[in-house]
Amino acid sequence: MARKVADVMWEMLAKAGVQRCYGIVGDALNPVIDALRRNGKIEFIHVRHEEYGVFAAVADAYLSGHPVAVCGTAGPGVTHLFNGLMDARKEGAAIIAIAGDVETRLMDTAALEELNPYKFFDTACLYVGRVVNPEQARAVFTTAILTAVVDKGPTLISMPGDIASANAPDHSVHDFMIPAPPVFRPADADIDKLAGMIEAAKKVAIFGGDGCRDAREEVLQLAARLKAPIGYSFRGKQWLEHDNPHAVGMTGLLGYGGAYKAIHDADLLLMLGTDFPFSEFLPGGDVKKVQIDRNPKHIGRRTAVDLGLVGDIKATVAALLPKLGDKADSRFLEKHVAETTSFHELLQHYVEKGPGIKPIRPEFLAATLSELASDDAMFFADTGTACIWLARYIKGGPNRRLFGSFSWASMANAAPNAFGTQLAYPGRQTIALCGDGGFTMLGLGDLLTQVQRKMPVVQIILNNESLDFVNIEMQEAGVVPFGVDFKNPNFAKVAEAMGAKGIRIEEPGEVRDGLAAALAHRGGPVVVDVVVDPYALSLPSHLPFHAVTGFTLSLAKQVLSGKMDSVIKTIERNTGLV
């Protein structure tokens with residue numbers, strides 16, 4: 001049998017390191033899927049919803065470091081890929097999407113399920129290629145794969161069925177190799193300029209992001225030499241927080257510890273590999289700022305900087321360290337580390353009192369989970385209050401991983417993230433902290449996929465019958481919460497009916513044993529339905545004035561609109577916080 005165009009594509013994807021393809025089959029995609037079957041080297045993961053598959057692929061690719069494929073058939077199938085591809089672009093995951101397309105003879109005739117892939121996917125993908133002739137196929141495949149792997153983001157190959165099933169040209173067969181990551185740092189003159197700024201500053205602070213992923217040791221060496229506190233974004237937490245005597249927590253609305261004050265009290269702030277989007281939490285012109293990032297588009301777009309350098313953090317800091325002397329004064333560091341320690345003591349309020357408080361405090365739940373989980377557990381949080389509890393109460397470690405839709409902030413990512421990671425790391429604890437809104441949006445349907453594949457994914461549902469983070473955002477804006485409440489089933493019973501293990505936790509005394517049973521379960525997924533306090537708040541270490549006034553205004557409006565009982569419960573349930 002002659003080699004088909006689709007055969008060449010799967011051969012090249014396999015050589016590039018693709019091990020899995022997530023998606024749903026369909027008529028326009030049939031020749032592509034048939035070639036995948038013939039290839040036999042890439043596993044097809046059939047999911048119930050394409051978006052679930054892409055979220056699974058994003059975590060798979062980000063954490064494993066290998067490119068991952070996703071697919072959807074023409075029209076509605078590929079449109080379901082869009083949200084997950086946006087997440088891949090924001091989180092930096094190498095995803096190659098294979099989109100079914102109408103046959104070439106029907107293009108531009110408004111055929112059934114036809115869409116223009118260039119227009120539709122331009123925002124989400126780093127590259128979009130439409131294969132309309134076998135002669136161009138190899139070039140499109142090569143560009144899509146290398147762009148995804150080297151630039152760490154999603155690309156898309158739109159493949160009409162008649163082209164996929166066409167005979168491939170003889171010259172399309174060739175060896176295909178992925179280059180090793182290049183050494184990438186600023187020029188020596190810029191390194192010298194940075195060293196001079198550091199030497200001139202008495203108080204230096206570091207604020208790190210996901211760009212520090214491979215540079216942890218270099219950043220810690222830099223901090224030790226400069227006596228600099230290290231704050232971090234949510235995406236930088238897992239790399240910079242654990243076993244770090246310089247760690248001072250996070251800033252932003254999820255913030256804790258001394259990070260906010262440290263970066264504002266410094267003479268010089270080094271922003272390393274972070275595109276932290278909340279500019280109101282970054283210092284103004286009274287603090288000199290240096291930003292280093294491998295993506296030049298990140299430089300200076302969140303706050304004005306005095307020096308912007310393009311390069312990998314690991315290579316840049318390694319080149320910088322020999323040019324620096326040790327700073328002797330550690331008072332600035334000690335002050336903000338002490339503040340961080342004090343804030344951590346405050347965070348233990350509802351952890352320590354948790355066994356005696358009903359409804360269950362989410363702080364107590366998350367802290368107990370962190371204690372019971374294995375040292376190499378991998379945690380995933382839905383966008384919403386689950387992110388607060390992950391940021392503040394799940395402790396990282398050398399082999400623990402924390403992931404979510406931190407930059408795109410989509411709902412419903414945690415369950416599919418954990419599923420994809422379980423495929424990449426079989427048998428390792430993959431734990432999803434799910435909002436009840438997110439789980440019912442996307443996680444519930446593909447629980448059947450987990451059951452079918454007997455995947456030991458632990459999904460912990462924060463059951464407060466509310467879009468709780470939206471509720472908080474409305475109050476912050478001074479608005480009476482509206483449209484955020486809904487009614488939930490007993491998720492444990494629903495899970496049991498679907499073939500998974502279900503655990504319902506309503507009493508604080510059941511938390512430890514319930515979580516331990518979930519983490520010990522093997523042979524299939526677990527859904528832990530935890531009825532948590534819907535009035536729980538978690539205020540950041542620094543609250544902007546507009547947020548304070550917004551909360552005050554919202555509470556007043558709620559009283560005037562007849563919701564006095566909700567106001568009282570909010571205050572009663574958050575003693576020491578409001």
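In case you missed it, the structure is sitting above this.
Keep in mind that what you see is a predicted model, and the values were worked out from it rather than measured.

Rules of the game
Residues numbered from 1 in each chain as written. Predicted model: local features only at pLDDT ≥ 70, side-chain atom pairs only at ≥ 80, totals over all residues. Heavy atoms only, no water. Helix = DSSP H or I, 4+ residues; strand = E, 2+ residues; numbered from the N terminus. Expected span 1.5 Å × (residues − 1). Buried < 20%, exposed > 50% of the residue type's maximum accessible area, 1.4 Å probe, protein only. Pairing = 2+ DSSP bridges. Axes fitted to C-alpha atoms, helices over the stretch in contact; angles between N-to-C directions. Core = buried A, V, L, I, M, F, W, Y, C linked by side-chain atoms within 4.5 Å. Contact = heavy atoms within 4.5 Å. Parallel < 35°, antiparallel > 145°, perpendicular 65-115°, else oblique. Left-handed = near helix turned anticlockwise from the far one by under 90°. Nonpolar A, V, L, I, M, F, W, Y, C, P; charged D, E, K, R; others polar. Salt bridge = Lys/Arg side-chain N within 4 Å of Asp/Glu carboxyl O.

## Details of helix H3 (residues 50–64)
If you check H3, its first and last C-alpha atoms are 21 Å apart, about what 15 residues at 1.5 Å a residue would give, namely 21 Å. For H3, the tally of buried residues reaches 14 of 15 residues, placing the bulk of the element in the interior. Remark: Gly-65 follows H3 within two positions and exhibits a positive phi of approximately 85 degrees.

## Structural notes on the sheet that holds strand E11 (residues 288–293)
The strands that make up a sheet are held in pairs by hydrogen bonds between backbone atoms, and each pair lies either parallel or antiparallel. Spatially, the six strands line up as an open sheet ordered E9-E8-E7-E10-E11-E12, and their pairing is parallel. Each edge of the open sheet is held by one strand with a lone partner, namely strand E9 (247–250) and strand E12 (307–310). With direction set aside, neighbouring strand axes in the sheet form an average angle of 20 degrees. Judged from the three bridges that link them, strand E7 (residues 204–208) and strand E8 (residues 230–232) form a sheet pairing that is parallel.

## Things to note about the nonpolar core
Ranked by size, the top nonpolar core spans 128 residues in total, and within it Leu-85, Ile-95, Leu-222, Leu-270 and Ile-460 carry the most contacts. Top contributing element to this core by residue count: H3, with ten residues. With near-sequence residues (within four places) excluded, Ile-460 lies in contact with Leu-365, Leu-369, Ile-431, Ala-432, Leu-433, Cys-434, Leu-515, Val-528 and Val-530. Within the second largest apolar cluster, 36 residues are counted, among which are Val-5, Val-32, Ala-144 and Ala-168.

## Comments concerning the packing of H3 against helix H18 (residues 414–424)
Close contact between H3 and H18 brings their axes to 7 Å; oriented N to C, the two are set at 50 degrees. As far as their axial angle goes, H18 and H3 are oblique. Relative to H18, the crossing made by H3 is right-handed. Two secondary-structure elements touch here, H3 through Tyr-52, Phe-55, Ala-56, Ala-59, Asp-60, Leu-63 and Ser-64 and H18 through Ala-415, Pro-416, Asn-417, Phe-419, Gly-420, Thr-421 and Ala-424.

## Here's the deal with the packing of helix H9 (residues 188–200) against helix H13 (residues 313–320)
Taken N-terminus to C-terminus, the directions of H9 and H13 make an angle of 65 degrees; their axes are 10 Å apart at the nearest point. Relative to H13, the element H9 lies roughly perpendicular. As H9 runs across H13, the sense of the crossing is right-handed. For the pair formed by H9 and H13, the contact residues are Ile-191, Leu-194, Ala-195 and Ile-198 on the first element and Thr-316, Ala-319 and Leu-320 on the second. Taken together, the residues of the contact of H9 with H13 break down into six nonpolar, one polar and no charged.

## Here we look at helix H10 (residues 216–226)
All of the buried residues along H10 are Arg-216, Glu-218, Val-219, Leu-220, Leu-222, Ala-223 and Leu-226. Those residues of H10 that are buried lie in contact with H9, E7, E8, helix H11 (237–240), strand E10 (268–272) and H13. Just beyond H10, the residue with positive phi is Lys-227, at close to 55 degrees.

## Some details on the pattern of salt bridges
Think of it this way: side chains of opposite charge can pair up when their charged atoms draw near. Scanning the entire structure with this criterion turns up 30 salt bridges. Ionic pairing is found between Glu-217 and Arg-216, a salt bridge with its closest N-O pair at 3.6 Å. Residue classification places Glu-217 among the partly exposed residues on the basis of a relative accessible area of 47%. Assessed through its relative accessible area of 14%, Arg-216 is described here as buried. A salt bridge links Arg-512 to Glu-371, with the nearest nitrogen and oxygen atoms 3.0 Å apart. Highlighted residues: Arg-512 in helix H23 (residues 511–520) and Glu-371 in helix H16 (residues 362–372), separated in sequence by 141 residues. Judged by relative accessible area, which is 36%, Arg-512 ranks as partly exposed. Here Glu-371 falls in the exposed class, since its relative accessible area comes to 53%.

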